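Results of the structural survey
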Amino acid sequence: MRNIVIIGGSKGIGSAILLQQLETNRVYNISRSVPKLTHPNLTHFSLDVLKDELPDIAEVDTLIYCPGSITLKPISNLSVDNFRNDFEINVVGAVKSIQKYLPVLKRGYESSIVLFSTVAVKLGMPFHASIATAKAGVEGLTKSLGAELATVVRVNAIAPTITETSLSASILRNDRMKENMVERHPMKNYLKPDEVANMVDFLISEKANSISGQIFEMDYGLVNFKI
Ligand SMILES: NC(=O)c1ccc[n+]([C@@H]2O[C@H](COP(=O)([O-])OP(=O)(O)OC[C@H]3O[C@@H](n4cnc5c(N)ncnc54)[C@H](OP(=O)(O)O)[C@@H]3O)[C@@H](O)[C@H]2O)c1
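Residues numbered from 1 in each chain as written. Predicted model: local features only at pLDDT ≥ 70, side-chain atom pairs only at ≥ 80, totals over all residues. Heavy atoms only, no water.

1. Quick word on the side chain of T161
Residue placement: T161 occurs in the loop between β6 (154-160) and α4 (175-184). Separated by 2.7 Å, the side chains of T161 and H185 make a polar contact. For T161, the contacting residues outside a window of four places in its chain are V119, H185, L191, M218, D219 and L222. (Helix = DSSP H or I, 4+ residues; strand = E, 2+ residues; numbered from the N terminus. Polar contact = N/O pair within 3.5 Å; in protein donor to acceptor, adjacent residues only side chain to side chain. Contact = heavy atoms within 4.5 Å.)

Now the structure itself:
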């Protein structure tokens, strides 16, 4: 049984990860709202990762940082504060969480960290300047820490394409938008949270013991194929 800390397990991808991991692991969830379920293996802390002090947890084997943002605007409409806010929630929150739990992670069992980027780092897309900049920071953090912690903690990131969660609700708000999104992807689909949770399940397991400092595109062909 691993001790898994999920920052942001109340909704979206984090919630799918939490559901998958609960039966066989001890899960500590940190988010502002409470997850929809209770379970003997689940401990929840209601707090804001940017504003509040993170709780002490005696044993941590895995840290998964899910909070993120989708701020899509032309550069002329993006304020400097938009860039700052995206950097805060995507990068600074992750750094704060890693610094808090690294001492216990270093003593953990097959320890690893999973962070979240986006396909918009590799694929230039209009209106993504702020989020792509912040997530490029997440990718740099992944590679740098992967090297720094090479013998003790594995560090990887997943770069998903659009995934059906509360974060993307405005982009997938009706059937026509969903059909357009399917058409945009060479493999004619977009992501559901469970598919991303499956990748996390692999990356935190012993099956991925040889893998660190890597960014995994889950893109239904969006970045990698031109058909
Ligand atoms: N969905 C997509 O299309 C998509 C695409 C590419 C990349 N991503 C990335 O994938 C990751 C997960 O996305 P998602 O769609 O699952 O997001 P989501 O539905 O917005 O869920 C984010 C989770 O983080 C928590 N959270 C947010 N801000 C927080 C804060 N200040 N303090 C504590 N907890 C906080 C939220 O809980 P509370 O609100 O209860 O605090 C929630 O549990 C993000 O990094 C996102 O950038 C998503």
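2. What about the site of the ligand?
For the ligand, the set of nearby residues contains 29 residues, the closest of which are S10, K11, R32, S33 and T165. The side chain of K11 places a nitrogen or oxygen atom 2.7 Å from an oxygen atom of the ligand. Taking C66, its main chain carries an N or O atom lying 3.0 Å from an oxygen atom of the ligand. Here the ligand, which alone exposes 880 Å², has 94% of that area covered by the protein. Of the residues assigned to the shell around the ligand, the class counts are ten nonpolar, 15 polar and four charged. (Near = heavy atom within 4 Å. Areas by Shrake-Rupley, 256 points an atom, 1.4 Å probe, with all protein chains shown as cover. Nonpolar A, V, L, I, M, F, W, Y, C, P; charged D, E, K, R; others polar.)

3. A closer look at the nonpolar core
One recurring pattern in soluble globular proteins: nonpolar side chains tend to sit buried together. V5, L63, Y101, L105, I113 and L115 are the most contacted members of the largest nonpolar core, which totals 30 residues. Contributing elements (two or more residues each) for this core: β1 (3-7), β2 (26-31), β4 (62-65), α2 (80-105), β5 (112-116), α3 (129-148) and β6. Ranked by the residues each element gives to this core, the list is headed by α2, at eight residues. Not counting chain neighbours up to four residues away, the residues in contact with L63 comprise V5, I7, S97, I98, Y101, L105, S112, I113 and V114. In this structure, A16, L42, A197 and V200 belong to the second largest nonpolar core, which totals 26 residues. (Core = buried A, V, L, I, M, F, W, Y, C linked by side-chain atoms within 4.5 Å. Buried < 20%, exposed > 50% of the residue type's maximum accessible area, 1.4 Å probe, protein only.)

4. Description of the pairing of β1
The element β1 is extensively covered by neighbouring structure, given that five of its five residues are classed as buried. As paired strands, β1 and β2 are joined by five bridges and run parallel to one another. Across the sheet, the residue bridging to N3 is R26, located in β2. Following the chain from β1 across helix α1 (residues 12-22) to the adjacent parallel β2, one finds a crossover that is right-handed. By the bridge criterion, four bridges tie β1 to β4 in an arrangement that is parallel. Residue I4 lies in a different strand from β4, and its bridge partner there is T62. (Pairing = 2+ DSSP bridges. Right-handed = clockwise from strand over helix to strand, strands pointing away.)

5. Comments concerning the sheet that holds β2
In space, the seven strands of this open sheet follow the order β3-β2-β1-β4-β5-β6-β7, with parallel pairing throughout. Each end of this open sheet is capped by a strand with a single partner; those strands are β3 (42-46) and β7 (214-218). Pairwise comparison of adjacent strand axes, ignoring direction, gives a mean angle of 15 degrees for this sheet. As judged from the three bridges shared by β4 and β5, these two strands associate in the parallel manner. From the neighbouring strand, L63 faces β5, where its bridge partner is I113. Where α2 meets the sheet, its contacts fall on β1, β2, β4 and β5, and the angle it forms with β4 comes to roughly 170 degrees. Running at roughly 165 degrees to β6, helix α5 (residues 193-203) makes contact with β4, β5, β6 and β7 of the sheet. (Axes fitted to C-alpha atoms, helices over the stretch in contact; angles between N-to-C directions.)

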